[in-house]
Structure formats: structure tokens, C-alpha cells
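Spelled out, the chains give:
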Amino acid sequence: MLNPFYFNNFQIYFKIKMQEKMKYPFKEIEEKWRKYWEEKEVYKTNLTDAKNKLYTLVMFIYPSGAKLHIGHWYNYGPTDSWARYKKLRGYNIFEPMGYDAFGLPAENYAIKTGIHPYDSTMKNIEDIRKQLKRMGCMYDWNAEMMTCVPEYYKWNQWLFLQMYKKGLAYRKNAPVNWCPSCQTVLANEQVQTDGTCERCGTTVVHKHLTQWFLKITDYADELLEGLDKIDWPERTKAMQRNWIGKSVGTEINFKVDSTDYSFTVFTTRPDTLFGVTYVVLAPEHELVQKITKEEQKEEVEKYIEKVRTLSEIERTSTVKEKTGVFTGAYAVNPINNEKVPIWIADYVLSTYGTGAVMAVPGHDERDFEFAKKFNLPIRKVILQEGTAPEDELTEAFTGKGTMINSGKFSGLPSDEGKEKITDFIEQKGFGGRKVNYRLRDWLISRQRYWGTPIPIVYCDNCGEVPVPEDQLPVELPYDVDFKPHGSSPLARNENFVNTTCPKCGGPAKRDADTMDTFVDSSWYYLRYMNSRYSEGMFDAELANKWTPVDMYVGGAEHATMHLLYARFVHKFLRDIGLVNSDEPFAKLVHQGTITNQGAKMSKSKGNVVNPDDFTEQYGSDVFRMYLMFMGPYELGGDWSDKGIVGVDRFVQRIYSLFTNNRNLLKKVTPKEKYEIEKLNEAEKSVYRKTNAALKKYQNEIENFGFNTAVAALMELLNEITKNLSELSDGIKAYTLLRFNVMLAPLAPHLGEECWQLLGNEVSLFEKPVWFDADESALRVDTVTIAVQVNGKVRASINIPVDAGKETVKEIAFQSKNVQKFTEGKTIVKEIFVKNRIYNVVVK
RNA sequence: GCGAGAGUGGCGGAAUUGGCAGACGCGCUAGACUUAGGAUCUAGUACCAAUUUGGUGUGGGGGUUCGAGUCCCCCCUCUCGCACCA
């Protein structure tokens, strides 16, 4: 019976069994607390009380077929931890979550599988909601909302109509980016640098369509100035500044020789006006057809045709050699009546400035290159300091200098010349000062099904007629052939398209396009406060209490699109009296990108890491804490699960520490503060460490320094376990309580469990508790400072805190090593920084 | 090309105002737990020599300073953004 082999195995079995019992049972515990929070509605925000309000927002989720990935966890987990910390500190937190539910992927998926975008989106939302709940964030599920329902998108239409009324929504036929794969138009902002479609990677081509634009350019200046007032990452603000691209310059009219035609150029360098040796029009410029001479017609036509096939990126590539064609016509330089040839070239864009450029090859790199290639004259009109007028230009000189060969303006510094020449041009009526922006109006028309219908009808009698507000929403029909045929899917739905004119009652057709989904996301943060509100776009009273958003966290890739559009819409809503603030997001933080093997995670690359694998093995707290511990939040980094066991061990140690001290608070009530001199050495050191950790933790969490906050907690745990046997129950309870409140934001389930284990009756997040550091404990009586001889550390000495130089010097020179390095030498200099360093310089 | 950020042990990364570089974690090494260990605990772990100790070290080169990972100049590499913007 007592076979040693059996016995042996039984022992092992027993030991393993015991360990399993000890191990932190994260599955039950995490589920237990999630259920508790949900049943007690712990995260339901009292929105009527905005006294201590803190609106914490993450960019809402796009419910694609893919489940939550590491990036979502990395975005939402730490942000929630920050908000939880703030909650423990007494803030009234509002942390909502919703779904950015319209969009192309759902439609592409439908095209591929035949599953209706509405059905797949709703299914995805179901799945994602479950996953989100398992993360254990403080989302107020009462506020949950999605953009693809009429209750929401009705207000996109309403917003559009308000802009229309103010003349901010207009239609124009313009060269647009056409993605042959998506069969749709893309905004310039949505075309990638290599000329491909942001969503599908297909090379974008040009197509001319009549489209709706929102006049964001009217707000260009304010969007620029507003950046100074918001707490956003500098790099993001710089990106928006560049994107808006304000440049102050001069517009100058050039007459076309022996005709009545004229055109305008924009320049930031009017001081080089005498250096103009030719002018260039964009191939699309309206004048090109009118002025081209008969003998040049064929060549010009051929060139225009060639340019039409090029994407903007190809046209503007620096690598590409300059191309262009002479029109045969001449323009007259208004400053000196000189006749200069008119060329067309693809490097001049019709979408920027006036679509016409005065070419100064001597002082502009592109013009220089062009002139060299086509043998056009190069004239020097700005003299570089330290060079002679007769020196030949080997490259364009684009800096400041002294004007030469410029008539009566010769001799002026170029800065002054800019003003003088502009004054002259204004006086003569040839043009004037002009501010130009790189920013273009926001193209919102999409020839697509899965979006907000544009509330406009076209009537043969009345023309373009806005749908009256009381007839909103213009509902998106369910039955539709969403397969792309080059036109909008809605255009083929007779029931939708055919309608009556709201003005004359005659037959009319609806606009068959839908809106860019960035319209949806440009105001969603205003609706969360009352997501079922039906009296208006949003509950303005609540929205004004709670906005601007106090903390907005999301990817840096939205720097120039979503984040600019939302600012624009917010300012517009302010102007029509709906909101009372200037900016939507007071503070912005970008989470870094988590890559895998150096590449962005994507389905196509097959390098997607599934967070579920880790949450199932370690639990959601461990996974969340590991993501925070990996490195600086804003940097992101390459994914590796190498260190996750470290965080798991940390959690195991915490759990056994708290289980071993179960109901400690029933035995003892710790004091608010202890007199440090009355504690034993172990207690002193734990007491100090506890308060140092509190201080450090606060600093770090406030600034999204999660990695160092976790490290501070680990240090504290090490200090506690090292000294555990020497601690009185009072000190033990004191430090565990503080450890617990710091732990809870980072690992909320475990935090609650420990809180209960200690003997607390009410959930921590139900009744928030925080402890401030006892500053007196941080004051120490002795400090260790370095003693340097000639800048090299030769000793470390303990000195009384705040000890003066003479005392320190005395102690320092007791060190043999210091003596050794100073022996026989004279002291030239002494540097003493209190409590930091003593450095003696000898010779 | 322009703009922003980064470069620190075998690895992820720490380091208020310039003031003891390498916190915390992973990994590794050794030991303990009467036999097993993908468990736990303890100790060690930048590099080079050696016992104490000395020297070298934050991408490379120069500079400021008593003192530089940190500030200044030049260069290299990587990441992101922009790209003929007139």
C-alpha cells in the first residue's frame, strides 16, 4: 500500500494543490468585483453636480470586426487608472464610452460577405461591449452611445443645416482624390504620403465631382490662436500649426501682354519682384486655355492631359525632374513693365494660393531648377552678405540680403524692401497684402452607404433645397445595394432618392452622398452627458457644465484630422450659442503605439497580439499593470511579454500579504500620523518609505508616469516584506491602507479585494479614500552625500541633514580615501551644495 | 529636404534645478527549501583588471563647468509627421 512511488507523487500532488490554493484566484475575484460595481452602479456619474467635475475621455471605439487589441488596452487601461486615482482623490469623474459606428470597413466587409453593415456593426458592438466590461474601467454605461442610429446622426444633419445657413457648407466642383478601390472620394488629409488611400492602400487618382465642403478655413486664424490656450503636447500643436500653414505675403496682378486678361500671384517675397524672369500657371488654371498661342496649343494640351493622370503626390515629388510647357503668351511685370514668358508646370498647384506663381530663379530653389532645365534667365536681385554683385549664382539664394538691380528699391535690406514694394503695389492698385493658408476646406461628401445622409434635395424648379429641420432625420434606408458601382449606393435606391421638393412640392431628388465620419466624431463628446436627449443636438445645460473635456486621451495619428475638425465644430457651436467654451479638449495626451517586431500591428501583417491570451492567463489587472509598467506611456514601444511574469509575481505577493493580514482593521485602527522618533528602526524605514512612495506616486500618476508609479509601489512592497516581522499592527495597518489606495487605481479588482480583506466594509471606489503623504516623515536626520576630489567620487559620507560646509569638510577629511587623494596638495577650490555634494579641487 | 522625438547593462527601462548613472522589473549565476520544481525564498549581476581598490563607461566627436545622461556646437542612426506652400 505505502508504495514510495505513490507516496512521492502524492506529496508532489499535495504541494501543488496547496500552491494553487494560495495563488491569487483572479478569475473569481475579478468577476466578483465587476458584478459588484455594475449592480451598485458605482460608476454612474451624478451629472447635475459639476462642482468637482473631471471629464475623462478616450477617443471612442471603432467597432470593426476585429476585437479589442493591445492598442485599445494601452489607450483605455492607463487612462482609467488615472481617472481612478482622481476619483480616490475626491473628483466627480465622468468616464463614458461609445462607438464610432459609421464607416468604410463595415461597408467593405458587407461588400465582401453580404452581411449588412447595420447587422455586422451591431454584432460587433455587442462583442466589444462585453470585452470592454471585462477590462474593468469606470465607464458610465448609462451614457453609452453610438453614431449609426438616427437619434444620433439626425444631429449631424442638423449641424450641417446650421452651417449651410451660415454659408459654411457649400458645394463645388473640384479636383478630388478618387480611390478606385473604395469607389469614393477622400479628403486630402486622408491621402497618405505615398499617394495611396489611407484605408485600403490603393493609389489615389483624380476625378472631378460636385462635393459638399465645410468652410473650416473661415476659422483658420482662430484655430491657430486657440492652440496657445490649450494644454496639448507641443508636437501636436506644431503639427496643427503646420497644417493650417498661415503665411503672410502679397498678391500681385500680372496683365497678359496684348490682351485684357490678367492673373494674380501670391508671394511671400515681394522684395524679389525685380528678379521675375517668367511666370508659371497651374495646368488647371482657367486662363491657360484662353491665352495659349495657336502654335503651342498641341503641346500644352498634351501636357495637361499627362498631368491629369498624375496624383498630387507624384506631381509634387521632389525626386521627380521638373516638367513644364511654354504657352507662347507673355505677362507684364507691373513693377518694371517687363515682358516675361508664361509657362505651365505641374509643380504649381491650383489648390494652393492663386494657382499662379511669379518665378524668381535667383532666389527660389524650385524656380532655379526649372530655369536651369529650360534655359530661362536667372537674375540676381538680392545680394548675399560677403558676396559681390557680379559673382555668379550656383544655386538659389533664399536668405535675406540687400536688394540690387531693383530700380529705386536697390540698396534696401530685403525685409524693408518687402514692405516698400508691397506699399508701392497697393498704391498703384496692382495688388496688396494677403494672408494665405495651407489649410483647405473640409470635403465631407462620401459616395458611400454607411454614413449620415446629407439633408439636401435637388429640385428642377427650386434647385438646391435644404431639408427643413422638422423633417429630420433623413433616414438611411436599410434596403440598399451597397456594392460599389461608381456612384453612391443610395443613388440606386429609388425610394430614397425620389422625393418631393420641400419648397414647391414638385418632384425632387435627394443628395445621395453621405458624410465623412469625422463629422460624427467632431461633437460626440458633447452628447455623452445625455446620450438620449431628443430636444436638440445635446443637452446644452449639462454639456456646458461638463465641457471642455478635462482629459482627452487618444492616438497621435488624429493630430490633424479629428482633433482639428472637433475644434472647428466646437467653435462653430459656440458661435451659434450652443456651447460656452472656445475649445473642446482642455488637456490632451497621446498614448504611444505598441508595435510588434518593429511594425504596427495589423491583420494583414499577421502580427496582431491578442490581449485575451494574457487576460486569461494572468487576469485583467496584471495585464493592465504590465502595459503601464512597460515604459513611458507616450512612447509606446515594441511588444514583448517577457516581463509580464514580474508583474504577476508582484500581484501574487500582494495577495498573500493581504490574506495573511486579513481583518487587520478589525484588530487595530491605525493613527493618521505617527511620531517617527517613537518607532523602531524597521517601522521607521517602512513609515518613511510609505510616505515617500505616496509622494512619488502622486507626482508620477498626475503626469501619466505609470511605469515609475508601479516601480514605486514595488519598492514599497519590498520594504514592507523585508521588515514585516518587526512591525506593530498599527504601523502595518497604516502602511497597508496606503499601499492599498495606491494599488487600487492600477489594479482595481485586486485593490477592492485587498480593501475588503483588510476589513473595510464599503468598496473603495464606492466610498473613495485617499491619504496624503506625511511630509514630516520625509524629513530625515542624516543624509548620505558624495565627497568628490577633482570631480571624482572618493567617498560617501553620512552627515546630519542641512549640515554646513565646515562640518561636512571635517567629516569628509576623516575618510582615508579623501586623504589619500588630497595628500600633499593644496586646496584650490571647494564646492558645497547642501545635502548633495562636497567637491574639493586640489592641485 | 524641413519639423518633432529618441539613442543609457544581455533585455524593458530609472535618474526635480547639471550633483553618488543603472531605481523597478525581466533574464542570468550561486545558494536554501531532507529527494522533484517552468514554484518560493536569499545573495550576486554595467564593463576591465585585482584582495582592499583602481580605471573605463549613457550613439560618435568637440565645448561650457569644480562637476554633464542632463546645457551648447558638429556628426551618425532610428521613429513619427510634413513635403515643390510660391
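Engineer: If you had to explain the overall build of chain A to someone new, which residues and values would you point to?
Structural biologist: Along the backbone of chain A there are 28 helices and 32 strands. Along the three orthogonal principal directions, the C-alpha set of chain A runs to about 110 × 90 × 60 Å. A total of 843 residues make up chain A; the buried ones form 54% of that total. Put simply, of all contacts in chain A between residues at least 6 apart along the chain, 72% involve residues at least 24 apart. Accessible surface, chain A as shown: approximately 38,500 Å² in total, 49% of it carbon and sulfur. For chain A, the centre of its 110 positive side-chain charges and the centre of its 112 negative side-chain charges are spaced 5 Å apart.

Engineer: An account of the packing of aromatic side chains is requested, with residue identities and associated values reported.
Structural biologist: All chains considered together, the criterion is met by 53 aromatic pairs. With a centroid separation of 5.6 Å and 15° between ring planes, the pair formed by tyrosine 170 and phenylalanine 213 is classed as stacked. Of this pair, tyrosine 170 sits in strand 5 (residues 169-179) while phenylalanine 213 sits in strand 7 (residues 205-214), placing them 43 residues apart in sequence. Judged by its relative accessible area of 7%, phenylalanine 213 falls in the buried class. Here the aromatic rings of tyrosine 674 and tyrosine 687 are separated by 6.0 Å at their centres, their planes lie at 80°, and the arrangement is edge-to-face. Of this pair, tyrosine 674 sits in the loop between helix 21 (664-667) and helix 22 (681-702) while tyrosine 687 is found in helix 22, placing the two residues 13 residues apart along the sequence. What links up through ring pairs into an aromatic cluster is the set Tyr278, Phe326, Tyr330, Trp343, Tyr347, Phe370 and Phe374. Between arginine 567 and the ring centre of tryptophan 232, over which it is positioned, the NZ or CZ distance is 5.9 Å. Above the plane of the ring of tyrosine 734 lies arginine 738, whose end atom (NZ or CZ) is 3.5 Å from the centre.

Engineer: Explain the sheet that holds strand 2 (residues 92-94) residue by residue, including any values.
Structural biologist: Here we have four strands laid out as an open sheet, ordered 2-1-24-25, and parallel in their pairing. Each edge of the sheet is formed by a strand with only one pairing partner; in this case those strands are strand 2 and strand 25 (588-591). In this sheet, adjacent strand axes meet at a mean angle of 20° when their direction is disregarded. Where strand 1 (residues 53-58) meets strand 24 (residues 551-555), three bridges bridge the pair, whose relative direction is parallel. The partner of valine 58 across the bridge, within strand 24, is valine 553. Relative to strand 1, helix 3 (residues 70-88) is tilted by about 170°, and along the sheet it contacts strand 1, strand 2, strand 24 and strand 25.

Engineer: Could you give an account of the sheet that holds strand 20 (residues 463-466), naming the residues involved and the relevant values?
Structural biologist: Strand order across the open sheet formed by four strands is 20-19-22-21, with antiparallel pairing between neighbours. What marks the edges here is a single partner per strand, and that holds for strand 20 and strand 21 (498-500). Recorded for the sheet is a direction-independent mean angle of 40° between the axes of neighbouring strands. Direction of pairing for strand 19 (residues 456-459) relative to strand 20: antiparallel, over a ladder of four bridges. Pairing of cysteine 459 across the sheet is with glycine 463, part of strand 20.

Engineer: Describe the nonpolar core, with residues and values.
Structural biologist: If you look at the biggest cluster of nonpolar residues, it comprises 187 residues, and the most contacted ones within it are Phe160, Trp442, Trp523, Tyr524, Leu573, Met625 and Phe739. For this core, the element with the highest residue contribution is helix 24 (residues 729-746), accounting for 11 residues. Once residues within four sequence positions are removed from consideration, leucine 573 is found in contact with Leu159, Trp523, Leu526, Met537, Phe538, Leu578 and Val579. Ranked by size, the runner-up nonpolar core spans 48 residues in total, among them Ile252, Trp343, Ile344 and Phe397.

Engineer: For the packing of helix 19 (residues 620-629) against helix 25 (residues 748-757), give the residues involved together with the corresponding values.
Structural biologist: Closest axis-to-axis distance for the helix 19/helix 25 pair is 7 Å, and the angle between their directions is 120°. Between helix 19 and helix 25, the interaxial angle falls into the category oblique. For the pair helix 19 and helix 25, contact is made by Ser620, Asp621 and Arg624 and by Pro748, His749 and Leu750, respectively. A class-by-class count of the residues in the contact of helix 19 with helix 25 yields two nonpolar, two polar and two charged.

Engineer: Describe the pairing of strand 8 (residues 247-256), and please don't skip the residues or the numbers.
Structural biologist: Strand direction decides the pairing type here: strand 8 and strand 16 (residues 431-436), joined by six bridges, are antiparallel. Its bridge partner lying in strand 16, glycine 249 is registered against lysine 434. The antiparallel hairpin formed by strand 8 and strand 9 (residues 262-267) contains five residues in its connecting segment, where serine 258 sits at a positive phi of about 55°.

Engineer: Break down the pairing of strand 24 for me, citing the residues and quoting the values.
Structural biologist: With five of five residues buried, strand 24 is to be regarded as a mostly interior element. The handedness of the strand 24 to strand 25 crossover, carried by helix 17 (residues 562-575), is right-handed.

Engineer: Explain the pattern of salt bridges residue by residue, including any values.
Structural biologist: All told, the structure shown has 44 salt bridges when counted by the stated rule. A salt bridge links arginine 84 to aspartate 80; its shortest N-O distance comes to 2.8 Å. Placement of the pair is arginine 84 and aspartate 80 together in helix 3, with a separation of four residues, close to one helical turn. For the salt bridge of aspartate 729 with lysine 667, the shortest nitrogen-to-oxygen distance reads 3.9 Å. Of this pair, aspartate 729 sits in helix 24 while lysine 667 is found in helix 21, placing the two residues 62 residues apart along the sequence. Members of the salt-bridge network, linked through shared partners, are Glu222, Arg567, Lys571, Arg574, Asp575, Asp582 and Glu583.

Engineer: Give me the environment of glutamate 284: which residues, what numbers.
Structural biologist: Relative to the helices and strands, glutamate 284 is located in the loop between strand 10 (278-281) and helix 9 (287-291). According to the relative accessible area criterion, glutamate 284 is partly exposed, its value standing at 38%. Placed 65 residues apart in sequence, glutamate 284 and leucine 349 show a C-alpha to C-alpha distance of 8.3 Å.

Engineer: Kindly report on the packing of helix 20 (residues 644-660) against helix 24, identifying the contributing residues and their values.
Structural biologist: The geometry of helix 20 relative to helix 24 is characterised by a closest axis approach of 12 Å and an angle of 140° between their N-to-C directions. Classified by the angle their axes make, helix 20 and helix 24 are oblique. Classified by chirality, the crossing of helix 24 by helix 20 is left-handed. Between helix 20, through Phe650, Ile654, Leu657 and Phe658, and helix 24, the contact on the second element is made entirely by Leu736, Phe739, Asn740 and Leu743. When the residues that make up the contact of helix 20 with helix 24 are grouped by side-chain class, the tally is seven nonpolar, one polar and no charged.

Engineer: Provide a residue-level description of the environment of glutamine 289, including the pertinent values.
Structural biologist: Tracing the chain through its elements places glutamine 289 in helix 9. C-alpha of glutamine 289 to C-alpha of methionine 239: the two residues are 50 residues apart in sequence and 38 Å apart in space.

Engineer: Please set out the confidence of the model for chain A residue by residue, giving values where relevant.
Structural biologist: Detailed reading of predicted coordinates is not advised where the pLDDT is low. Confidence in the prediction of chain A, expressed as mean pLDDT, is 87, and 92% of residues score 70 or more. Here residues 1-21 scores under 50 on pLDDT; set against residues more than four positions off or in separate chains, the count is zero contacts.

Engineer: Just give me the short version of the side chain of asparagine 661, but keep the residues and values in it.
Structural biologist: By the element assignment, asparagine 661 lies in the loop between helix 20 and helix 21. Residue class for asparagine 661 comes out buried when judged on its relative accessible area of 8%. Within the local environment of asparagine 661, its side chain forms a polar contact with the side chain of lysine 732, the two groups lying 3.4 Å apart. The residues contacting asparagine 661, other than those within four sequence positions of it, are Lys732, Leu736, Leu757 and Leu758.

Engineer: Go over the environment of methionine 742, please, and point to the residues and values.
Structural biologist: Within the secondary structure layout, methionine 742 lies in helix 24. On the accessibility criterion, methionine 742 (0% relative accessible area) is buried. In sequence terms methionine 742 and alanine 712 are 30 residues apart; their C-alpha atoms lie 9.8 Å from each other. If sequence neighbours within four positions are ignored, methionine 742 has contacts with Thr690, Ala693, Leu694, Tyr697, Leu713, Leu716 and Trp770.

Calculation rules
- Residues numbered from 1 in each chain as written.
- Chains lettered and ligands numbered in written order.
- Predicted model: local features only at pLDDT ≥ 70, side-chain atom pairs only at ≥ 80, totals over all residues.
- Heavy atoms only, no water.
- Helix = DSSP H or I, 4+ residues; strand = E, 2+ residues; numbered from the N terminus.
- Buried < 20%, exposed > 50% of the residue type's maximum accessible area, 1.4 Å probe, protein only.
- Contact = heavy atoms within 4.5 Å.
- Areas by Shrake-Rupley, 256 points an atom, 1.4 Å probe, with all protein chains shown as cover.
- Lys, Arg positive; Asp, Glu negative; His and termini not counted.
- Charge placed at Lys NZ, Arg CZ, Asp CG, Glu CD.
- Phe/Tyr/Trp six-rings, centres within 6.5 Å; stacked < 30°, edge-to-face > 60°.
- Lys NZ or Arg CZ within 6 Å of the ring centre and 35° of its normal.
- Pairing = 2+ DSSP bridges.
- Axes fitted to C-alpha atoms, helices over the stretch in contact; angles between N-to-C directions.
- Core = buried A, V, L, I, M, F, W, Y, C linked by side-chain atoms within 4.5 Å.
- Parallel < 35°, antiparallel > 145°, perpendicular 65-115°, else oblique.
- Nonpolar A, V, L, I, M, F, W, Y, C, P; charged D, E, K, R; others polar.
- Right-handed = clockwise from strand over helix to strand, strands pointing away.
- Salt bridge = Lys/Arg side-chain N within 4 Å of Asp/Glu carboxyl O.
- Left-handed = near helix turned anticlockwise from the far one by under 90°.
- pLDDT = per-residue confidence, 0-100.
- Polar contact = N/O pair within 3.5 Å; in protein donor to acceptor, adjacent residues only side chain to side chain.

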